[in-house]
Amino acid sequence: MSDKTYSLNRLTANRATLHFTILPNLSFMLTGYPLPAIMLPPANQSSPFFDMGHSGDKLEFEELEVEFLVSEYLKEWLELFDWMNNLANPHEFNPIDNLSTSATMFIYSSHNQPFLEITFEDVIPTMLGGLNFTEAIGETYEIKSNASFRYRVYSIKKLKDDI
């Protein structure tokens, strides 16, 4: 019999936050946050008879795509909007070399405690979703937006010893 014990709790997608080094006063409350896929494509060695696949040597990562709650005065949305405008500098030709940053996502357990820290390096925004304002709904609802980011690499750190 094994002496290892496993949690009977299932992973729930109930809470995560995202923090950017370049935006130190903001914390994005995520409502949709898939952990990006990681791929290791095989390297092919050609021969006159067949191609032989070998383990790859270059990791590829999907874009980080998140959905977040927008606060009343659009602070998170406007910060991303300004960041993208500063990168592209659409009003004058004075390109900024690099406004990449690191980002940290915390994933919380069913007990509302952070248990994973995912750090993304050299992050830049690639898409900021629009905002859907409507008066057609009689009750108040929270507005959400989405954003996509490219990055060089991510790492995962366990914040609890027993996972």
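So, a few notes on the structure that sits alongside this text. (Residues numbered from 1 in each chain as written. Predicted model: local features only at pLDDT ≥ 70, side-chain atom pairs only at ≥ 80, totals over all residues. Heavy atoms only, no water.)

## Notes on the overall build of the protein chain
In terms of helices and strands, the protein chain carries one helix and eleven strands. Counting from the amino terminus, the protein chain carries its helices and strands in the arrangement β-β-β-β-β-β-β-α-β-β-β-β. Per-residue burial for the protein chain yields a buried fraction of 28% across its 163 residues. For the protein chain, contacts bridging at least 24 residues in sequence account for 62% of all contacts bridging at least 6. Here the protein chain has roughly 11700 Å² of accessible surface; of this, 53% comes from carbon and sulfur atoms. (Helix = DSSP H or I, 4+ residues; strand = E, 2+ residues; numbered from the N terminus. Buried < 20%, exposed > 50% of the residue type's maximum accessible area, 1.4 Å probe, protein only. Contact = heavy atoms within 4.5 Å. Areas by Shrake-Rupley, 256 points an atom, 1.4 Å probe, with all protein chains shown as cover.)

## Examining the environment of M39
In this fold, M39 is placed in strand β3 (residues 38-39). If we skip the residues at most four places from it in the chain, M39 touches K58, L59, E60, F61 and E62.

## A few points about the packing of aromatic side chains
Per the stated rule, a full pass over the model turns up eleven aromatic pairs. Note on F20 and W83: the rings are 5.4 Å apart at their centroids and 70 degrees apart in plane angle, and the pair reads as edge-to-face. Placement of F20 in strand β1 (residues 16-20) and of W83 in helix α1 (residues 75-88) is noted, with a sequence separation of 63 residues between them. By relative accessible area, which is 3% here, F20 ends up buried. Judged by centre distance (5.0 Å) and plane angle (75 degrees), the rings of F120 and Y151 are edge-to-face. On the criterion of sequence distance, the pair formed by F120 in strand β9 (residues 114-128) and Y151 in the loop between β10 (144-150) and β11 (153-158) is long-range, its members being 31 residues apart. (Phe/Tyr/Trp six-rings, centres within 6.5 Å; stacked < 30°, edge-to-face > 60°.)

## Some thoughts on the pairing of β1
The side chains of a regular strand alternate, first on one face of the sheet and then on the other. Of all five residues making up β1, four are buried, and the element is well covered by its neighbours. As defined by bridge partners, β1 adjoins strand β2 (residues 23-32) across four bridges and the pair is classed as antiparallel. Across the sheet, F20 pairs through a bridge with L23, a residue of β2. Adjacent in sequence and paired antiparallel, β1 and β2 are bridged by two residues. One ladder, built from five bridges, connects β1 with strand β8 (residues 101-108); its direction is antiparallel. Of the residues in β8, the one forming a bridge with L18 is M105. (Pairing = 2+ DSSP bridges.)

## Here's the deal with unusual backbone geometry
Phi is positive for N112, which is not a glycine, with a value near 65 degrees. Assignment of secondary structure puts N112 in the loop between β8 and β9. With a relative accessible area of 42%, N112 lands in the partly exposed category. If you check the backbone angles, D122 has positive phi at about 55 degrees while not being a glycine. As for its position among the elements, D122 is in strand β9.

## Some thoughts on the side chain of T119
Within the element layout of this structure, T119 appears in strand β9. A residue is classified by how much of its surface remains accessible, and T119, at 15% relative accessible area, is buried. Excluding residues that lie within four positions of it along the chain, T119 makes contacts with A103, T104, V153, Y154 and S155.

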